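In case you want the letters, here they are:
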Amino acid sequence: MASSTVGPEIQERGVPEDDVARRLLDSAATLSYDPVTEVDWETPLDKDFHGASPEWSTLYGTAYWREMSDAQRKELTRQEAASVASTGIWFEMILQQMVLRDIYAKDPTQAHFQWALTEIADECRHSIMFARGAKKLGAPAYRPHRLAVELGRAFKTVAFGEAAYAAILVAEEVLDVMQRDWMRDERVVPFVRTINNIHVVEESRHMKFARDETRKRLAKAGRLRRQIHAFVIAVASYVIVTSMVNKDVYANAGLDRKRAVGEAKANEHHKSLMRSSCAGLMEFLASARLLTKPALMFYKRAHLI
C-alpha cells in the first residue's frame, strides 16, 4: 500500500507565485504514484469488507441501518463508495477544463504553468483509478442528476478566478476528509484503502494550490465581485456535495429505495459528520470573506455548516 506521508508543507501566504508552484513540482517529483501498479487490481473483490467506513454511510445510525444484515451494510457502503468515486470523476473533469482555460496562452516556461499541467495529469490518473475502482466494487456508472450535469457544464465554462479555485477546494476538501478515514479503516477492502491513500497524498498538493490561488485572486476583488463569487461557489458546493451519493445506490444494494432515501435525508448523524468534517474548510472560507448570507444558506442546506 502506498505511503500515507504527505509532501512537505509549503508556505501559503507571502510566497511568490512561481516559488509556490516550484515547491509543489518538487513535491510531486518526490511523492507521486502510478495507480496501475500501486493498486491491486487482480485480486477478486472480497465481500467480507466494506467499501467505505460504515460510519460514513448515509444510512448509518438510522432504523433501517439497524434492520440491515451485515452483508447488506457492506454492500451499501460499496455502492456508496462507487458513487462518491463517480462523482469525483465528474468534478475532476470540470476541474481539468477550468485549469486548462486558466493557463491558456500563458508562459509555459514558468513553474506555475508546469504545475497546472502536473495537476491535470494527476487528475487524469485519479479519474481512471476511480473508474476502475468503481467497476471492481461491482457498481454501475453512477452519474449526477441531469440538472447537476448541466449546471456543471455551465460552471466549467464561465467560472474564473477565485470562483473556480474555491469550488475546486471545496470538492477536494470534502473528499479528503472522508477518504482519510477510509484509508486507515481495516474494515474497508484493501484496494479501496490504497486508492484513497493515493488520492489523499496527491490531492494535498492540489488543495494547497487552490487555497493559494483563491487568496491571490481575491486580493484584487472588489465587494460586488466577492459577493457574486461567494454565491457562485456556495451553489457549486451544494450541487457537488448533494450529488455524491446517487439515490440508485439503495436499490442496487437490495434496499427499498423510497424508504432509504427518506431515512438518509433525515439522518442527523450523517449531517453532523459532514458539518464537523468541514469545519476547517468553513474557517478558510470565512477568512477569505466568502461566507456571505446568501452563501451560508446553501452551505447550511448541504449540511456543511
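A.B. asks: Got a sec to walk through the packing of aromatic side chains? Specific residues and values, please.
C.D. replies: If you walk through the whole model with that rule in mind, you get six aromatic pairs. Judged by centre distance (5.5 Å) and plane angle (80 degrees), the ring pair of F231 and F298 falls under edge-to-face. Placement of the pair is F231 in helix α9 (residues 223-242) and F298 in helix α14 (residues 293-301), with a sequence separation of 67 residues. Judged by centre distance (5.9 Å) and plane angle (70 degrees), the rings of Y238 and F298 are edge-to-face. On the criterion of sequence distance, the pair formed by Y238 in helix α9 and F298 in helix α14 is long-range, its members being 60 residues apart. Residue classification places Y238 among the partly exposed residues on the basis of a relative accessible area of 22%. The exposure class of F298 is buried, given its relative accessible area of 13%. An aromatic cluster is present here, built from W115, Y165 and F209 joined pairwise through their rings. Its guanidinium or amino end placed over the ring of F191, K136 lies 4.6 Å from that ring's centre, counting from NZ or CZ. Cation over ring: R259 sits above Y64, and NZ or CZ is 4.2 Å from the ring centre.

A.B. asks: Could you give me a rundown of unusual backbone geometry, with the residues and numbers involved?
C.D. replies: Within the chain, A105 stands out as a residue other than glycine whose phi angle is a positive 70 degrees. Take A105: it is sitting in the loop between α4 (70-103) and α5 (111-136). We classify A105 as exposed; its relative accessible area is 73%. Phi at R289 takes a positive value of approximately 60 degrees, unusual for a residue other than glycine. Mapped onto the elements, R289 comes out in the loop between α13 (279-287) and α14.

A.B. asks: So what's going on with empty space enclosed by the protein? Which residues, and what values?
C.D. replies: Applying the stated criterion across every chain, the model contains two cavities of 30 Å³ or more. Volume-wise, the largest cavity comes out at about 130 Å³. Along the wall of the largest cavity there are 15 residues; nearest its centre are A81, A85, F130, I195 and N196. When contributions to the lining of the largest cavity are tallied by element, the ones reaching two or more residues are α4, α5, α7 (161-184) and α8 (190-218). Residues that form the lining of the largest cavity fall into these classes: 12 nonpolar, three polar and no charged.

Calculation criteria
- Position numbers for residues count from 1 along each chain, tracking the sequence in the order it is written.
- Local features in this predicted model are restricted to residues whose pLDDT is 70 or higher, and side-chain atom pairs enter the listing and the counts only when it is 80 or higher, whereas totals over whole chains, interfaces and linings include all residues.
- Excluded from the side-chain calculation are hydrogens and water; included are all heavy atoms of the structure.
- By convention, a stacked pair of Phe, Tyr or Trp rings (six-membered ring in the case of Trp) has centres within 6.5 Å and planes under 30 degrees apart, an edge-to-face pair has planes over 60 apart, and any other such pair is tilted.
- Strands are runs of DSSP state E lasting at least 2 residues, helices are runs of H or I lasting at least 4, and numbering of each runs from the N terminus.
- Each residue gets one of three labels from its accessible area relative to the maximum for its type: buried under 20%, exposed over 50%, partly exposed in between, using a 1.4 Å probe on protein chains only.
- A ring has a charge above it when a Lys NZ or an Arg CZ is no more than 6 Å from the ring centre and no more than 35 degrees off the ring normal.
- Cavities and pockets are found on a 1 Å grid laid over the protein atoms alone: a cavity is a set of points where a 1.4 Å probe fits but cannot escape, a pocket is an open set with protein on both sides within 12 Å along at least five of seven lines, and a lining residue has an atom within 4 Å of such a point.
- Grid points are joined across faces, edges and corners, and a volume is the space filled by probe spheres set on the points.
- Following the grouping adopted for this structure description, the nonpolar residues are Ala, Val, Leu, Ile, Met, Phe, Trp, Tyr, Cys and Pro, the charged ones are Asp, Glu, Lys and Arg, and the polar ones are all others, Gly among them.

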